[in-house]
Amino acid sequence: MAAAAAGAAAARSLLAAGRAGAGGRRCRVLPLPLPAAGAAPFCTVAPQQQQQPSPDMKSYLWSRYKEAKRVTKELVPSIMSNMLNPDAIFSNNEMSLSDIEIYGFDYDYTLVFYSKHLHTLIFNAARDLLINEHRYPAEIRKYDYDPNFAIRGLHYDVHRALLMKIDAFHYIQLGTVYRGLSVVPDEEVIAMYDGSHIPLEQMSDFYGKSSQGNTMKQFMDIFSLPEMRLLSCVNEYFLKNNIDYEPIHLYKDVKDSIRDVHIKGIMYRAIEADIEKYICYAEQTRAVLAKLADHGKKMFLITNSPSSFVDKGMKFIVGKDWRDLFDVVIVQADKPNFFNDKRRPFRKVNERGVLLWDKIHKLQKGQIYKQGNLYEFLKLTGWRGSKVLYFGDHIYSDLADLTLKHGWRTGAIIPELRSEIKIMNTEKYIQTMTWLQTLTGLLEHMQVHRDPDSQMILEEWKKERKEMREMNRNFFNAHFGSIFRTDENPTYFLRRLSRFADIYMASLSCLLNYEPDYTFYPRRTPLQHELPGWSDQLCTGTFRIPFLQETVQIK
């Protein structure tokens, strides 16, 4: 039983190497101690004495292929017995909740979640602003919002009007570059960028914006999904109708229209008018807040949303007494400027929403404050350092400055995480990913055979591997795949998530699964040069995948 459990854990680790963590790690064979007496040998003959494979390389390689496929099929039940929990909290950095005395929260997509109708509302409103205020052709009204088109974390080349997915090393994932609503051929992408790498000076700035010469914009906000769709639709219209246009102007106009949906109150008024349509009640926000309050934790709210909007939303999801749960409430904070600008003082907002001119000497419980800055907040509250844990959904605007400059602990809310884990737990996905990892290992170890017959078979395997990668992408999103991973590497989104968030989860309700003194331990991810024992066992004998004897031919 212990051996079976170890096998399941090892198999799960192999699969995880291809779908999460700090990089796609292939199964590599490293020197191992000799097996015990009676055990099947890993490699007991010196390289110069090792017998050569059969001259019939086709039969030899295909027999290896079939054996690997058979063993992979046997692994699937073991992996499926060790499913990932969609409601778990995942750790990038060791952190104990017993050290946390103060909990802080963003509002949108942290305390409150919105229904699918909201993005349609934002898209339609911004599209109408383009037509009515920016004089864009009325024909673009035929385009509708598609929730299955874009994913969070994509980059947009402002000058070339291209939407794409970039990995942690600044490489474009070929096959995910879109001009309008059509994918750009790989050859054209490579010609445009002299390869698939985006130089650092062209990448987006620290907050994901295209500024000061940066040509790339990264869309990190959940609210940006309608913006990506609208950009792509208008680009598509201009291209289909052979209309000459300036991509930079289009990007600015769409950005301004999306901004105006928020600033002009279009979105806020629509939600307040039909709050049950737009706000999801099922995220157990009140239960989380009540649990923290029962354990004597202090709580605060810092949001960019306006006072009346937050008040109505919180009354709906928490109750009329929601302010009693919070020690400090700050609205229209203008994050990330709130974390950096020392000049703006706080203003108190009265019950009618009127701004008062009193000088603020203390942030009082039950009151609502507007604007201000973090430095004044720290001075008035004394809430500093690692005893504070702040949750938000925007990795840059909510979390980056807090962890880099102020030493707060940070928690990222990633709603997409729950759906992706559920996909990763399906038998079809596990079968595909397990075989994809094994096939990659086969290619790595069999490439030592350089004869024409072997090379022809290896090309077939490479073609199959490419098709399986596309299949894997389609499990998550037919256009861009997972928000966390490209074919092999972590995405740029995951790179920033790993850097700026101590922990991450699908929603705040995940906290209900943990005691208030729970310690989160990050999983140790072996580096490429380290010796992961499970990897060697998996590749060399414990699971009988016959790779090792091929490696002795590598000089």
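None of these values were measured; they are calculated from a predicted model.

**Re the overall build of the protein chain**
Counting its secondary structure elements, the protein chain contains 18 helices and 18 strands. Evaluated residue by residue, the protein chain yields a buried proportion of 55% over its 555 residues. In the protein chain, once contacts between residues fewer than 6 apart in sequence are set aside, the share between residues at least 24 apart is 76%. Just so you have it, the protein chain exposes about 25400 Å², and 50% of that area is on carbon and sulfur atoms.

**Section: the UniProt feature "active site" (unreviewed entry) in the protein chain**
Mapped onto the present numbering, the UniProt feature "active site" (unreviewed entry) falls at Asp106 and Asp108. Summarising the element assignment, Asp106 is placed in the loop between β3 (102-105) and β4 (113-114). Residue Asp106 is classed as buried on the basis of its relative accessible area of 5%. Look past the residues within four positions of Asp106 in its chain and what remains in contact with it is Leu111, Leu301, Ile302, Thr303, Lys335, Tyr390, Phe391, Gly392, Asp393 and Asp398. Looking at Asp106, its side chain comes within polar contact range of the side chain of Lys335, at 2.9 Å. Given a relative accessible area of 9%, Asp108 falls into the buried group. Leaving out residues up to four positions away in the same chain, Asp108 has contacts with Tyr114, Phe223, Thr303, Ser305, Phe309 and Asp393.

**Thoughts on the UniProt feature "binding site: Mg(2+)" (unreviewed entry) in the protein chain**
The sites that UniProt annotates as "binding site: Mg(2+)" (unreviewed entry) are Asp106 and Asp393. A compact arrangement is adopted by the annotated residues: their sequence extent is 288 residues, whereas the largest C-alpha distance between any two is 7.6 Å. Tracing the chain through its elements places Asp393 in the loop between β15 (388-392) and α12 (395-405). Here Asp393 falls in the buried class, since its relative accessible area comes to 3%. In contact with Asp393, not counting residues within four places along its chain, are Asp106, Asp108, Tyr109, Thr110, Arg152, Asp221, Ile222, Asp398 and Ile413.

**Description of the pairing of strand β11 (residues 298-302)**
A large share of β11 lies buried, amounting to four of its five residues. Sheet topology places β3 next to β11; four bridges connect them, and they run parallel. Residue pairing across strands places Tyr103 opposite Met299, the latter belonging to β11. Pairing analysis gives three bridges linking β11 to strand β12 (residues 328-331), with the strands arranged parallel. Within the sheet, the bridge partner assigned to Ile302 lies in β12 and is Ile330. In this region the chain leaves β11, passes through helix α10 (residues 307-317) and returns to the parallel neighbour β12; the handedness of that crossover is right-handed.

**Topic: the side chain of Glu236**
Relative to the helices and strands, Glu236 resides in helix α5 (residues 225-240). The class of Glu236 is buried, set by a relative accessible area of 9%. When near neighbours in sequence (up to four residues on either side) are disregarded, Glu236 contacts Tyr143, Arg179, Gly180, Leu181 and Ser182.

**So, the pattern of salt bridges**
Using the criterion set out here, one finds 29 salt bridges in the structure. As a salt-bridge pair, Asp311 and Lys315 come within 3.1 Å of each other at their nearest N and O atoms. Highlighted residues: Asp311 and Lys315, both in helix α10, separated by four residues, approximately one helical turn. A relative accessible area of 14% means that Asp311 is categorised as buried. Lys315 sits in the partly exposed class, given a relative accessible area of 40%. Among the ionic pairs, Glu488 bridges to Arg469, the shortest N-O distance being 3.2 Å. Here Arg469 lies in helix α15 (residues 452-476) and Glu488 lies in the loop between α15 and α16 (492-500), a separation of 19 residues in the sequence. There is no split in this pair, since Glu488 and Arg469 are both buried. Here the residues in one salt-bridge network are Glu133, Lys252, Asp256, Arg259, Asp260 and Lys264, joined through shared partners.

**Quick word on unusual backbone geometry**
Following Lys335, the chain continues to Pro336 via a peptide bond in cis, the omega torsion being 5°. We note that His170 has phi near 70°; this positive angle belongs to a residue other than glycine. Along the chain, the position of His170 falls in the loop between β6 (162-164) and β7 (178-179). Of note in this structure, Gln371 is not a glycine but carries a positive phi near 65°. Position of Gln371 relative to the elements: it lies in strand β14 (residues 368-371). When its relative accessible area of 26% is taken as the criterion, Gln371 is described as partly exposed.

**What about the packing of helix α6 (residues 247-263) against helix α7 (residues 266-273)?**
Packing of α6 against α7 leaves a shortest axis separation of 4 Å and a crossing angle of 45°. If you check the angle between α6 and α7, you find them oblique. On α7, the residues touching Asp260, Val261 and His262 of α6 are Ile266, Met267 and Tyr268. In terms of residue class, the contact of α6 with α7 is built from four nonpolar, one polar and one charged.

**Quick look at the packing of helix α3 (residues 117-133) against α7**
At a minimum axis distance of 10 Å, the contact between α3 and α7 shows a crossing angle of 140°. By the angle class used here, α3 and α7 are oblique. When the axes of α3 and α7 are compared, the crossing they make is right-handed. Of the residues in α7, those in contact with Leu118, Leu121, Ile122, Ala125 and Leu129 of α3 are Ile266, Met267, Ala270 and Ile271.

**Digging into the confidence of the model for the protein chain**
With 83% of its residues at a pLDDT of 70 or more, the protein chain has an overall mean of 85. Contacts from residues 1-10, a stretch scored under 50 in pLDDT, to residues over four places away or in other chains number eight contacts. The model gives residues 17-54 a pLDDT under 50, and that stretch makes 76 contacts with residues more than four places away or in other chains.

**Remarks on the sheet that holds β14**
Taken in spatial order, the nine strands line up as β1-β17-β16-β15-β3-β11-β12-β14-β13 in an open sheet, and their pairing is mixed. If you trace the sheet from one side to the other, it starts and ends with β1 (90-91) and β13 (346-349), each paired once.

**Notes on the packing of aromatic side chains**
Inspection of every chain in the model, using the stated rule, returns 40 aromatic pairs. Ring pairing ties together the aromatic residues Tyr103, Phe105, Trp322, Phe326 and Phe391, which thus form one cluster. Here Arg160 stacks its cationic end above the ring of Tyr193, 4.4 Å away from the centre of that ring. Over the ring of Tyr375 we find Lys342; its NZ or CZ atom is 4.7 Å from the centre of that ring.

Rules used in this analysis
- Residues numbered from 1 in each chain as written.
- Predicted model: local features only at pLDDT ≥ 70, side-chain atom pairs only at ≥ 80, totals over all residues.
- Heavy atoms only, no water.
- Helix = DSSP H or I, 4+ residues; strand = E, 2+ residues; numbered from the N terminus.
- Buried < 20%, exposed > 50% of the residue type's maximum accessible area, 1.4 Å probe, protein only.
- Contact = heavy atoms within 4.5 Å.
- Areas by Shrake-Rupley, 256 points an atom, 1.4 Å probe, with all protein chains shown as cover.
- UniProt positions renumbered as here; feature names shortened; annotations may be inferred.
- Polar contact = N/O pair within 3.5 Å; in protein donor to acceptor, adjacent residues only side chain to side chain.
- Pairing = 2+ DSSP bridges.
- Right-handed = clockwise from strand over helix to strand, strands pointing away.
- Salt bridge = Lys/Arg side-chain N within 4 Å of Asp/Glu carboxyl O.
- Axes fitted to C-alpha atoms, helices over the stretch in contact; angles between N-to-C directions.
- Parallel < 35°, antiparallel > 145°, perpendicular 65-115°, else oblique.
- Nonpolar A, V, L, I, M, F, W, Y, C, P; charged D, E, K, R; others polar.
- Left-handed = near helix turned anticlockwise from the far one by under 90°.
- pLDDT = per-residue confidence, 0-100.
- Phe/Tyr/Trp six-rings, centres within 6.5 Å; stacked < 30°, edge-to-face > 60°.
- Lys NZ or Arg CZ within 6 Å of the ring centre and 35° of its normal.

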